Amino acid sequence: MPETKIVPKDRFARLKVYLKRYRRYLIWGGLSVILANGLMLINPYLLKLAFDLLEQGAAPAEILPFGLYILGLAVVAGVFRFMMRRTIIWMSRKIEFDLRADIFSHLLYLPRRFYHTTRTGDIMARLTNDIEAVRMMTGPGIMHIANAAVSAVVAVGFMLYLSPKLTLFSLLPLPFMSYAVNRLGMMVHHRFSAIQEYFSVLTSRAQENLAGVRVVRAYNQENAAIEDFAGHNKKYIELNVRMIKVQSLFFPLLMMLAGSVNLAVLYFGGGEVIDGSVTLGTLVAFFAYLAMLIWPMIAMGWVVSLYQRGTASLDRLNALLAVAPEPVAANGEGIKKPFSQSIEFRRLNFAYNGQNTLYDINLNITAGMTVGIVGPTGSGKTTLAALVARLYPIAPGSLFIDNHDINDWNIKSLRSQIGFVPQEPFLFSDTIENNILFGQENNDPELVRRSAHAAAIDREIEEFPDRYQTLLGERGITLSGGQKQRLALARALAADPPIIILDDATSAVDTQTEHIINENLRRELHKRTALIISHRVSAVKDAGLIVYMEKGRIAESGTHEELMARDGRYAELYRAQLLEDELRNM
């Protein structure tokens, strides 16, 4: 099912918000551009006056003031050029900061389905390369286009004043240059879009192989991974070379045009000097203005490249920002209250990606009850529990929390009251203490130790050299599977939520440790509403209600004794696991 998107009509709509926010930098930068270029473009005219005096046989003392004026104007223009960079480039850095922060914030509120269909490498490419391309467009791009525009307007004004005829010869190649820049610019845009798309593939492949490096090594697939990455890397380079071929035409083309203009001015202007129509000083000044126009002409090619790259990246960022975030509630801010009564499923049906996974679920869980959910793999146990935290969109009238439709709840208020321990726990590259206290404002060492003890991980932590200050690797890679699960359990208990969901939270621990955890959990869960999902009946047999699920439906429900007396699927599963344990202990 595709994500809902809110596509802006104007490609630059979001960028305009940032430009408006930092318009002060833009205004001061614009003034600096005008003053820096205006002052520098006075110098060729002063040079004309000096040459005219020299042609008339003036003394050196008469020429010296012009040299001082030129030097003074260059120094002042240099100050304004510094201010130009300080304001406009700073603005681009601030926009980069805000854009990256806004995108990261947006990502945190996107629905779970988005992360199931989007590669991590693709997201990282947009947060790095694409944002940098947009920054280059809004910083150096704006600065150089303003620079080129002001230089061109002022220089052409002086050139028209000096010689309209020579100015006409100078501007003749302009239409051809405009056409060439536009054509090459579009080619750059399409090729850069392809590069950015493939960069996402490249980073995704690298991320997958590095995250799964233990699996790669276990199956002796290092060489295969290297060859596969080399193939992707080669294609990425080939795409870059294709774009470089187009970009390499910009500067030679522009320099050829500049050279042809100089040649034309030298031919016609030289003839006019010989004829006495214009002075030598006028021709020197004209060449100086032409020289000052060459850089804007060259910059135009670079700016067009920046613009095409920037718009290609901006389109990718807009596509990401257009994905609609999770709704907070159906009506305004939604319900914000402590959970106190019940969780009720009323004829709930649920489909994911067009495939039905839950059918006609009717279940009432009163506050303080412990509910065990068992069943074969793929029966819908995890999906059922995930819906309580509204990790997926739910049809109205299907699930009620305290007799209020879950869609009417404020999602932050709801989730703050739920402790969730998933099948595959995620730990951050931080200390053990900070992982346990994740999301907690109270930095209480005693709470950390108490939670670790309840999760039966405290003794092992005490054996680490740095104990609770031990730094974990990425995703907790330095811990075993059982240790990660117990640390995630400690994190959930530390939050002291009224509702706790344990999704096969002890599947990676041994039977003895599981028994200790279950004993500790009995003391912790009596004051909470608990949903315990497990493949092992031993983890749920003491629950007040046990639900056996099969093919997305509730096949049986009741206490352990009631289900054993029915001699149905649950009883069959219990006897099979009991036999396995006896055989294992023989």
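Residues numbered from 1 in each chain as written. Predicted model: local features only at pLDDT ≥ 70, side-chain atom pairs only at ≥ 80, totals over all residues. Heavy atoms only, no water.

Engineer: I would appreciate a short explanation of the overall build of the protein in the present structure.
Structural biologist: A tally of regular secondary structure across the protein gives 20 helices and 10 strands. Relative to the 2.2 N^0.38 estimate, which gives 25 Å for 586 residues, the radius of gyration of the protein is 35 Å and therefore markedly larger than a compact globule would have. Carbon and sulfur atoms make up 60% of the accessible area of the protein, which totals about 30,000 Å². In the protein, the 61 positive side-chain charges and the 56 negative ones have mean positions that sit 7 Å from each other. (Helix = DSSP H or I, 4+ residues; strand = E, 2+ residues; numbered from the N terminus. Rg over C-alpha atoms; globule rule 2.2 N^0.38 Å. Areas by Shrake-Rupley, 256 points an atom, 1.4 Å probe, with all protein chains shown as cover. Lys, Arg positive; Asp, Glu negative; His and termini not counted. Charge placed at Lys NZ, Arg CZ, Asp CG, Glu CD.)

Engineer: How should the sheet that holds strand E9 (residues 545-550) be read in this particular structure?
Structural biologist: Where strands meet in a sheet, backbone hydrogen bonds hold them as pairs that are either parallel or antiparallel. A sheet is described by the order of its strands in space; here 6 strands give the open sequence E6-E7-E8-E3-E9-E10, paired in mixed fashion. Each of the sheet's edge strands pairs with one partner strand only, and the pair in question is strand E6 (418-421) and strand E10 (553-558). On average, adjacent strands in this sheet sit at an angle of 15 degrees to one another, irrespective of strand direction. Sheet topology note: the E6/strand E7 (residues 499-503) ladder contains 4 bridges and is parallel. (Pairing = 2+ DSSP bridges. Axes fitted to C-alpha atoms, helices over the stretch in contact; angles between N-to-C directions.)

Engineer: Looking at this structure, how should I read the environment of Arg205?
Structural biologist: For Arg205, the position within the fold is in helix H8 (residues 174-211). Arg205 sits in the partly exposed class, given a relative accessible area of 27%. For Arg205, the residues in contact, after removing those within four places along its chain, are Asp228 and His232. Within the structure, Arg205 has its side chain in polar contact with the side chain of Asp228 (distance 2.5 Å). (Buried < 20%, exposed > 50% of the residue type's maximum accessible area, 1.4 Å probe, protein only. Contact = heavy atoms within 4.5 Å. Polar contact = N/O pair within 3.5 Å; in protein donor to acceptor, adjacent residues only side chain to side chain.)

Engineer: Would you explain the packing of aromatic side chains in this entry?
Structural biologist: In this description, a pair of aromatic rings is defined by centroid distance and the angle of the planes. Scanning the model with the defined rule gives 12 aromatic pairs in all. An angle of 90 degrees between the planes, with centres 5.1 Å apart, marks the rings of Phe114 and Tyr115 as edge-to-face. Overall, the relative accessible area of 5% leaves Phe114 in the buried class. Aromatic rings pair up to connect Tyr45, Phe158, Tyr161 and Tyr289 into one cluster. Geometry around Trp90 places Arg86 over its ring, the cationic atom sitting 4.1 Å from the centre. (Phe/Tyr/Trp six-rings, centres within 6.5 Å; stacked < 30°, edge-to-face > 60°. Lys NZ or Arg CZ within 6 Å of the ring centre and 35° of its normal.)

Engineer: Help me out: how do you make sense of a nonpolar patch on the surface in this one?
Structural biologist: Together, Leu71, Val75, Val79, Phe82 and Met83 line one region of the surface with nonpolar side chains, adding up to about 470 Å² of accessible area. Relative to the helices and strands, Val79 is located in helix H4 (residues 60-108). By relative accessible area, Val79 is classed as partly exposed at 48%. (Patch = residues over 30% accessible without salt bridge, like charges linked within 9 Å, V, L, I, M, F, W, Y side chains within 5 Å. Salt bridge = Lys/Arg side-chain N within 4 Å of Asp/Glu carboxyl O.)

Engineer: Any chance you could explain the sheet that holds strand E2 (residues 355-366) here in plain terms?
Structural biologist: With respect to topology, 4 strands assemble into an open sheet ordered E2-E1-E4-E5, the strand pairing being antiparallel. Sheet topology places E2 and strand E5 (404-405) at the edges, where each strand pairs with a single neighbour. Along the sheet, helix H12 (residues 381-388) makes contact with strand E1 (342-352), E2 and strand E4 (399-401), crossing E1 at roughly 120 degrees.

Engineer: Explain the packing of helix H1 (residues 13-21) against H4 to me, please; I cannot follow it from the model alone.
Structural biologist: One can describe the packing of H1 onto H4 by two numbers: an axis separation of 10 Å at closest approach and a directional angle of 130 degrees. One way to sum up the angle between H1 and H4 is to call them oblique. As H1 runs across H4, the sense of the crossing is right-handed. The segment H1 lies against H4, with Leu15, Tyr18, Leu19 and Arg21 engaging Met91, Ile95, Asp98, Leu99 and Asp102. Each residue belonging to the contact of H1 with H4 can be placed in one class, and the counts come to 6 nonpolar, no polar and 3 charged. (Parallel < 35°, antiparallel > 145°, perpendicular 65-115°, else oblique. Left-handed = near helix turned anticlockwise from the far one by under 90°. Nonpolar A, V, L, I, M, F, W, Y, C, P; charged D, E, K, R; others polar.)

Engineer: Help me understand the nonpolar core, please; the structure alone is not making it clear to me.
Structural biologist: A general trend in soluble globular proteins is that nonpolar side chains are found buried together. With 41 residues, the main nonpolar core has Ile436, Leu487, Leu489 and Leu502 as its most contacted residues. The set of elements that each furnish at least two residues to this core consists of helix H14 (432-436), helix H15 (445-454), helix H17 (481-494), E7, helix H18 (511-525), strand E8 (529-533), E9 and helix H20 (569-585). If you tally residues by element for this core, the top one is H17, at 7 residues. Ranked by size, the runner-up nonpolar core spans 34 residues in total, among them Ile335, Phe339, Leu414 and Leu531. (Core = buried A, V, L, I, M, F, W, Y, C linked by side-chain atoms within 4.5 Å.)

Engineer: Just to check I follow, could you spell out the environment of Gln512 for this structure?
Structural biologist: Mapped onto the fold, Gln512 is located in helix H18. For the pair Gln512 and Arg346, spaced 166 residues apart in the sequence, the C-alpha separation amounts to 38 Å.

Engineer: Could you clarify how one ought to interpret the pairing of E2 in this entry?
Structural biologist: Along a regular strand, successive side chains alternate from one face of the sheet to the other. The pairing of E1 with E2 spans 8 bridges and is classified as antiparallel. Each bridged residue has a counterpart across the sheet, and for Glu344 the counterpart in E2 is Asn364. Counted along the chain from E1 to the antiparallel partner E2, the turn is 2 residues long, and its residue Asn353 has a positive phi close to 55 degrees.

Engineer: Just to check I follow, could you spell out the environment of Ala495 for this structure?
Structural biologist: Along the chain, the position of Ala495 falls in the loop between H17 and E7. Classification of Ala495 by relative accessible area gives partly exposed; the value is 35%. Measuring from C-alpha to C-alpha, the distance between Ala495 and Asn442 comes to 9.9 Å, with 53 residues separating the pair along the chain.

Engineer: How should the confidence of the model for the protein be read in this particular structure?
Structural biologist: It should be kept in mind that the predicted coordinates are not to be read in detail where pLDDT is low. Overall, the predicted model of the protein reaches an average pLDDT of 81, with 93% of residues at or above 70. When pLDDT is averaged over each element of the protein, E4 comes out on top at 90 and helix H9 (residues 213-218) at the bottom at 72. This model gives residues 1-7 a pLDDT under 50, and the stretch forms 17 contacts once residues within four places in sequence are excluded. (pLDDT = per-residue confidence, 0-100.)

Engineer: Looking at this model, I keep getting lost on helix H7 (residues 164-171). Mind explaining?
Structural biologist: An α-helical turn contains 3.6 residues, so a residue and the one three or four places further along point in the same direction. Among all positions of H7, only Leu166, Thr167 and Ser170 are buried. Here the buried residues of H7 occupy an arc of 105 degrees about the axis, which is enough to place them on one side. Along H7, the residues that are exposed and aim more than 90 degrees away from the buried face are Pro164 and Leu168. (Arc of directions from axis to C-beta.)

Engineer: Would you mind showing me how to read helix H10 (residues 222-275) here?
Structural biologist: Relative to the 80 Å expected for 54 residues at 1.5 Å per residue, H10 spans 78 Å between its end C-alpha atoms, a close match to the ideal helical length. Gly276, located one to two residues past H10, shows a positive phi value of around 85 degrees. (Expected span 1.5 Å × (residues − 1).)

Engineer: Got a minute to help me understand the side chain of His560 in this structure?
Structural biologist: As for its placement among the helices and strands, His560 is situated in helix H19 (residues 560-566). Overall, the relative accessible area of 12% leaves His560 in the buried class. Contacts of His560, omitting those with residues within four sequence positions, involve Lys541, Ile546, Tyr570 and Tyr574.

Engineer: How should the pairing of E1 be read in this particular structure?
Structural biologist: Looking at chain direction, E1 and E4 are connected through 3 bridges and run antiparallel. Bridge pairing in E4 places Phe345 opposite Leu399.

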